[in-house]
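# Inside the fold
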Amino acid sequence: MGPDVPLLNDYKQEFLWKRFPQTVLGGLRLKLGYCAPPYVYIHQLVLFLTPWLLGGIGTLLFQLRVLNEAFAGVVSGVLMLGVGATLQGLAWCMAHRNEVVQILPAANNILADEEEVEFTHCVAPETVRFVVPGKKFLGNVVFHTCLAGALCGLSTWYLLPDRLTGLYGHTSGGLGAVVTLFALSWVTVCIGEYSLIINTATETATFQAQDTYEITPLNRPFYILIFITVDLALRFSGSSMEELQLAVQVLHVLFVTLPILWALGILSPLDALLLWSMEQTLVYGLGGSAMSGNIRLLVMFLSSVCVAIGTFFIPFSLGVVLFNVGMGFLLSQDLTQLLELVKGATPTLGLGWWGLPLSLMLILGALTEAGLLHQLYSGNLTLNTSFIEHWESSVVPPNPQEVISWFLIALFLLTSLLRELQGACVLGGAMLNPLYPKRVMTVQAFRQKTRCLRIAGIFRRILLNLVSPLAMIAYLSVDESLGKLHTVSLAIGFTRAFRMVWQNSEAALLQMVLVVIIKLAGGHRVPHWQELGTTVQLILISLVLNRTSQFISKLRFALTVLITSWTENKQRRQSAGTLLALNATLCPVLLAIVALSAILSAPLLPLFTLPVFLVGFPRPLRSWPGTPGTACPCLDSVYYKQLCKKLASALRPAIANGAFGSCNPGSHYLGRFQGRLLWISVLEKGYGYCTVNIKGLELQETSCHTVEARRVDEVFEGSFDHVERPGQCFRLLNPHWGNSLTPCTLLPVRVYSDAQNVLTGIIDSPDHLRQLNSDFLKTLVWILLRYCLQNVTCAAHRTKSHSVQTSGRKSQSSQHAIPSEPGPNVVKVDAQLRPESSSAHLRGRESSSLSSFAGWSDEDDLFGPVPMRQQMRMVVRTDEEQTELGLGVSLPGSVEIHSLYESMALSSLPTLKPLGLGLGLGLPVVDKGKENSTAPISTTVLVNSQPLHFTSPHSELFSLPPEWRTAQLTSSKLQVLQASFPEAWFCFCLSQLVMENFGEGDFEQVVLDLQDDRALRDLYTQVVLSCSVALGADTHVFSPSLVFKLYCGDGPWTEGMEWLRANKELHQLTLRAFRYSVKLLVDQASLGPVESLNELYTTLQDYNDNWFIGLVSDHSWQDSVVQEKAYLFSLGHDLHMGTYTSRVLSLQENLVQVGVLNEEGVRGQWANLSWELLYATNDDEERYSIQAHPVMLRNLTVQAADPPLGYPIYSSPPIHLRCL
């Protein structure tokens, strides 16, 4: 996509040029995009000027001295109230009026298709609904109407000509300035009233995607009322306050500019303004932190306000110190983790119950220190006179605050130096850290090379979390301002100071050191500076530091946008030169815009990400209204879900040691590992903890995504690999210092490494495919044997009756066998119909004898599409006990007759045996002379087509279900394939499984008995070869396409495949065996052939224990990733290249690269995204502002925004990290 891609398409351009005038005029729709009758415009203009007319009535009555100013305002307000009530009542009636819906004729213009209205006459319902849309809620109808009346009355009072003359009559403008100000101010009021009561304009400053509770109409009236409130304060306080009078004069002039500020989107919506105000007050006024959610912010703000109020009313200084030290410590903790402990849940990556005694010891030590120092210093003050008399001024005790001041300076320098050493870059990212390891490939090597850095980080952690708070508390406890506590400023100051000591020790140390340096440098000579007190000085210093830091970051972001718009060829538009010239010419204006955005703590908004800068409206640091955690999930989201918790564990020591820099709320970091990109946002920070949100960006890389991801890799390689450059003086310079991404550190994280290989030469090799046939049979034998032992129900029952014995007992038949001669070991069948038997069975019951065949008609459903078989219960009598087992359904295709023979299958009737029913293909032949045994005819039947004679008493453990032997496999076919059955492998697996699963006895005898059991071997031969034939393995060799289809479970339809799929459990076992065989094929082609049976057995065991072998689209694949299966294997097909690929995920510790982003660049791009999508509705997927920008990382930044504007595929809920 070229640089001259349109900023807006034609439709959106027309839409924007229609919407923007409505925004400027407060909702007045003078450009509709289609022809409308003149009365539509006349109605709107009359309603727009109505507040001016009604206010003019009150103004005229006052100027004529008929009414005083108060009653003049009341008259105007009452008139506006009546007009508003009439309009809203009319709109409410029209909205609830039932009319026939008419289909409007379609027009050529898409915009007209959406909004065109067919007007009939000037007071028609559609005209009323168009001009006055009305409110959704009845409560808002009443509230907005009353507010409109009050606003009109107060505006009349605010804009009285005599009042304006009193403010500006003495100026050089004189009457002309007053008239101009009066007229333009009433335009502002009309815009606010129209937006409130007639039709709400779409605001450029939009915070929420949807205005559910109709808050937007209150935005403009709110700001008008703020200006009026200041004027009322001056009126009621008298005109003696010169500062307040100057403020009123300035605000009257700014009042005229309100429509411009609304149109530019500089003034916040009410919801964003409320959250921003609480956050700024909490952080800079009360010493708290930005919070991860709105509810947490509200609760913490109210709690902090209560602490400040309590501080103001505490009568003695010692109580203030102890109260604020204790409450500051409590409020700086994440108390929700304590609730998790109480509930019994494990706190997120915390210390658990161990944190409670540690915290208790720390706070008791801090309280003791603060109390003793305060008392000691107070005692020095009271005894100072006696000291002077005794020593006669020969010995002056040192000022404890001065001693602590020098200690704080040394502590700050040491902790700052140790923090700089932890990261990959120093001096704000301009230079590379020579002590940081380079060209590290393994986790072990990284840990070995960073051992000294970790020790230094732990030492810094002790200084910052234990020594610094105690030192700062000592400094504040002996401050002389404690003697003048009963002022609001000092009460708020001490609340903030003692809270900040715990909440953000690093920032508090910097601020306190600056106050100390100013004091030592002679700050007392600055007028009024010393009178403020230490705590108020700390508030001012913190504001100056924050705003200066924001100004530098915003200026760097603005310069990046400016310079790259020309230097980056793919970003150079035709207008680039013009915009650069304008910015250079209007450089003071640009600096003023950057400074204003920094003062307001608002994002610097680059319009369409071009070098056209606006001041965005102030909003919370997290930039979005809701709590993070919303994403656009897909199949790849599971990889980030697994990675998230492991990464959080790795973040803890890195943040605590200082590798991430200051890491304040609002900071953003970018992590990179292979194809994965992680966006880490810091939401909240307190004493010993940090709350972050981790997002995962898409893995299916688009062209824009690929360009920026490549640049991210280059930035990390330049810092972590230290690519050699000519010249010693440039060796340590960061080659990508101008990029918005600055490398921080490497994190060892246990994460899946993704390897994809092309199988050309492997899956299409005839030799390998022939080996696949043999491997499949062996794998299936191994899986079936393991299945029998892992069958929980049968194994649990059978192990109670059978144990490994050295002396042979009389052979016991399995549930599939019929004794060869009469005896106690018989199979008794008690046939019972299911309650939900079909009508076919009911008709069978009506045929009570074999002679009833003549009575059947063609309508009888003998062989329905889904015949309901009988469910039989089989009782196995042994020498020890009697056991009842479920047998299942009868053979497919057999006819079941309900007669005098207790619902036996035809195959069990001796007289029907010659018909050929019940052929036992491939199984041992039974002597026909033993057919008519002495067992009772009504209870003894053949369970399957042929009886089984297990010669070993332990063969029952390995017996397979009878329905698995029902494949239509001829004896000739079976005899041909029987040679391919791996008998040696079968015997080897039996011996290994017996040794692994039997806990006592003579293993050798048991193994020999099982291996000599011909019936067991023939049983497995029939089932394994039946499955092989069903998959088509009896043909020459597999083809690559057939291998892939069978691996995916989509083999071609055959009669054998239909039978196999009917036995779902056997089908799943066969599919697993085939997938294991494919994996074995790939491994043998890569690592060499399997040389022994023991190696093959070990390999299959490893597959079963440590691997998931399946498809990426399987739900089991997702579960295996979450459960952290060691390895995952999948087969794929590249349709574009026509090749087959394998994908292997390996869970191991790898190094994840992390860098810090320019937070103001992120906020600025997100502010533009919000404006572009919520106001301009520019959702074109190929728009200019989403194209790749390798320096600003524009595409990645847009992805990382919260939905619905962004589209991360994974977003974690706020994660609490214990970083103490």
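Residues numbered from 1 in each chain as written. Predicted model: local features only at pLDDT ≥ 70, side-chain atom pairs only at ≥ 80, totals over all residues. Heavy atoms only, no water.

### Structural notes on the overall build of the protein chain
The helix and strand inventory of the protein chain stands at 42 helices and 16 strands. Buried positions account for 51% of the 1220 residues belonging to the protein chain. Taking the intrachain contacts of the protein chain between residues at least 6 apart in sequence as the baseline, contacts between residues at least 24 apart amount to 76%. (Helix = DSSP H or I, 4+ residues; strand = E, 2+ residues; numbered from the N terminus. Buried < 20%, exposed > 50% of the residue type's maximum accessible area, 1.4 Å probe, protein only. Contact = heavy atoms within 4.5 Å.)

### What about the nonpolar core?
With 79 residues, the main nonpolar core has Leu784, Phe958, Tyr1020 and Phe1074 as its most contacted residues. Ranked by residue count, the leading element in this core is helix H29 (residues 766-790), at 13 residues. If we skip the residues at most four places from it in the chain, Phe958 touches Leu785, Cys788, Leu789, Leu990, Leu993, Val994, Leu1010, Leu1016 and Tyr1020. Counting residues in each nonpolar core, the second largest holds 58 residues, with Tyr34, Tyr39, Met80 and Leu181 among its members. (Core = buried A, V, L, I, M, F, W, Y, C linked by side-chain atoms within 4.5 Å.)

### Some details on the environment of Lys438
Within the fold, Lys438 resides in the loop between strand E2 (431-432) and helix H19 (443-449). Overall, the relative accessible area of 32% leaves Lys438 in the partly exposed class.

### Quick notes on unusual backbone geometry
Looking along the chain, the bond that leaves Pro1203 and enters Pro1204 is cis, with omega of 10 degrees. Looking at the secondary structure, you find Pro1204 in the loop between helix H42 (1194-1199) and strand E15 (1210-1211). Even without a glycine there, the phi angle at Ser623 is positive, about 75 degrees. Mapping Ser623 onto the fold places it in the loop between strand E4 (613-615) and helix H27 (637-657). Even without a glycine there, the phi angle at Gln674 is positive, about 50 degrees. Here Gln674 lies in the loop between strand E5 (668-673) and strand E6 (676-686). Relative accessible area serves as the criterion here: at 34%, Gln674 is assigned to the partly exposed category.

### Side note on the packing of aromatic side chains
What the rule picks out here adds up to 35 aromatic pairs. Between the aromatic rings of Phe207 and Phe617, the centroid separation amounts to 6.4 Å while the plane-to-plane angle is 90 degrees, which identifies the pairing as edge-to-face. Of the two residues, Phe207 sits in the loop between helix H8 (175-198) and helix H9 (219-237) while Phe617 sits in the loop between E4 and H27, which places them 410 residues apart along the sequence. Accessibility assignment for this pair places Phe207 and Phe617 in one class, buried. Note that Arg29 overlies the ring of Phe130, its terminal NZ or CZ placed 4.0 Å from the centroid. One Lys or Arg, Arg573, reaches over the ring of Tyr1184 and ends 4.9 Å from the middle of that ring. (Phe/Tyr/Trp six-rings, centres within 6.5 Å; stacked < 30°, edge-to-face > 60°. Lys NZ or Arg CZ within 6 Å of the ring centre and 35° of its normal.)

### Digging into the side chain of Arg1163
Secondary-structure assignment places Arg1163 in helix H41 (residues 1159-1175). For Arg1163, a relative accessible area of 2% gives the class buried. Discounting residues that sit within four places of it in the chain, Arg1163 has contacts with Gln550, Lys554, Ser601, Ala602, Pro603, Arg619, Pro620, Leu621 and Ser623.

### Points about a nonpolar patch on the surface
On the surface, Leu60, Leu64 and Val66 cluster together into a nonpolar patch covering about 300 Å² of accessible area. Note that Leu64 resides in the loop between helix H2 (38-63) and helix H3 (69-95). (Patch = residues over 30% accessible without salt bridge, like charges linked within 9 Å, V, L, I, M, F, W, Y side chains within 5 Å. Areas by Shrake-Rupley, 256 points an atom, 1.4 Å probe, with all protein chains shown as cover. Salt bridge = Lys/Arg side-chain N within 4 Å of Asp/Glu carboxyl O.)

### Looking at the pattern of salt bridges
The tally for this structure, following the rule as stated, stands at 24 salt bridges. The closest approach of N and O atoms between Asp231 and Arg163, which form a salt bridge, is 3.0 Å. Placement of the pair is Asp231 in helix H9 and Arg163 in helix H7 (residues 161-168), with a sequence separation of 68 residues. A single burial state applies to Asp231 and to Arg163, both of which are buried. Of the charged contacts in the structure, one is a salt bridge between Arg235 and Asp231, with a shortest N-O distance of 2.8 Å. Here Arg235 pairs with Asp231, and both are found in helix H9, just 4 residues apart, close to one helical turn. Connected through shared salt-bridge partners, Glu69, Arg163, Asp231 and Arg235 make up one network.

### Describing helix H37 (residues 1055-1062)
Those residues of H37 not exposed but buried are Met1057, Trp1059 and Leu1060. Seen from one end, H37 has its buried residues packed into an arc of 160 degrees, which puts them on one side. Turned more than 90 degrees away from the buried face of H37, the exposed residues are Glu1055 and Ala1062. Buried residues along H37 sit in contact with helix H35 (1014-1031), helix H36 (1040-1047) and helix H38 (1064-1087). (Arc of directions from axis to C-beta.)

### Section: a negative patch on the surface
Residues Asp1179, Asp1180, Glu1181 and Glu1182 make up a contiguous surface patch of negative charge. With respect to the helices and strands, Asp1179 occurs in the loop between H41 and H42. (Lys, Arg positive; Asp, Glu negative; His and termini not counted. Charge placed at Lys NZ, Arg CZ, Asp CG, Glu CD.)

### Overview of the packing of H35 against H37
Contact geometry of H35 with H37 gives a least axis separation of 7 Å together with a crossing angle of 120 degrees. Judged by the inter-axis angle, H35 sits oblique to H37. Where H35 crosses over H37, the handedness of that crossing is left-handed. Between H35 and H37, the residues in contact are Ser1026, Cys1027, Ala1030 and Leu1031 and Gly1056, Met1057, Trp1059 and Leu1060, respectively. Here the residues of the contact of H35 with H37 are counted per class, giving 6 nonpolar, 2 polar and no charged. (Axes fitted to C-alpha atoms, helices over the stretch in contact; angles between N-to-C directions. Parallel < 35°, antiparallel > 145°, perpendicular 65-115°, else oblique. Left-handed = near helix turned anticlockwise from the far one by under 90°. Nonpolar A, V, L, I, M, F, W, Y, C, P; charged D, E, K, R; others polar.)

### Some details on the confidence of the model for the protein chain
Mean pLDDT over the protein chain: 81, with 80% of residues reaching 70 or higher. This model gives residues 99-114 a pLDDT under 50, and the stretch forms 17 contacts once residues within four places in sequence are excluded. Low pLDDT (under 50) marks residues 797-945, which in the prediction has 203 contacts with non-local residues, meaning those over four places away or in another chain. (pLDDT = per-residue confidence, 0-100.)

### Topic: the side chain of Glu203
Of note, Glu203 is situated in the loop between H8 and H9. Exposure remark for Glu203: the relative accessible area of 5% places this residue in the buried category. Aside from chain neighbours lying at most four places away, what touches Glu203 is Thr23, Thr216, Asn219, Arg220, Trp262 and Tyr1175.

### Some points on the packing of H7 against helix H10 (residues 242-256)
Look at H7 against H10: their axes get within 10 Å of each other, and the N-to-C directions meet at 120 degrees. Classified by the interaxial angle, the pair formed by H7 and H10 is oblique. Pair H7 / H10 crosses with left-handed handedness. Of the residues in H10, those touching H7 at Leu164, Leu167 and Tyr168 are Val248, Gln249, Val250, His252 and Val253.

### Topic: the environment of Ala755
Along the chain, Ala755 falls in strand E8 (residues 741-758). On the basis of relative accessible area, Ala755 is assigned to the partly exposed category, the value being 34%. For Ala755 and Arg1143, which are 388 residues apart along the polypeptide, the C-alpha to C-alpha distance reads 5.8 Å. Among all residues touching Ala755, those that are not within four sequence positions of it are Ser1142, Arg1143 and Val1144.

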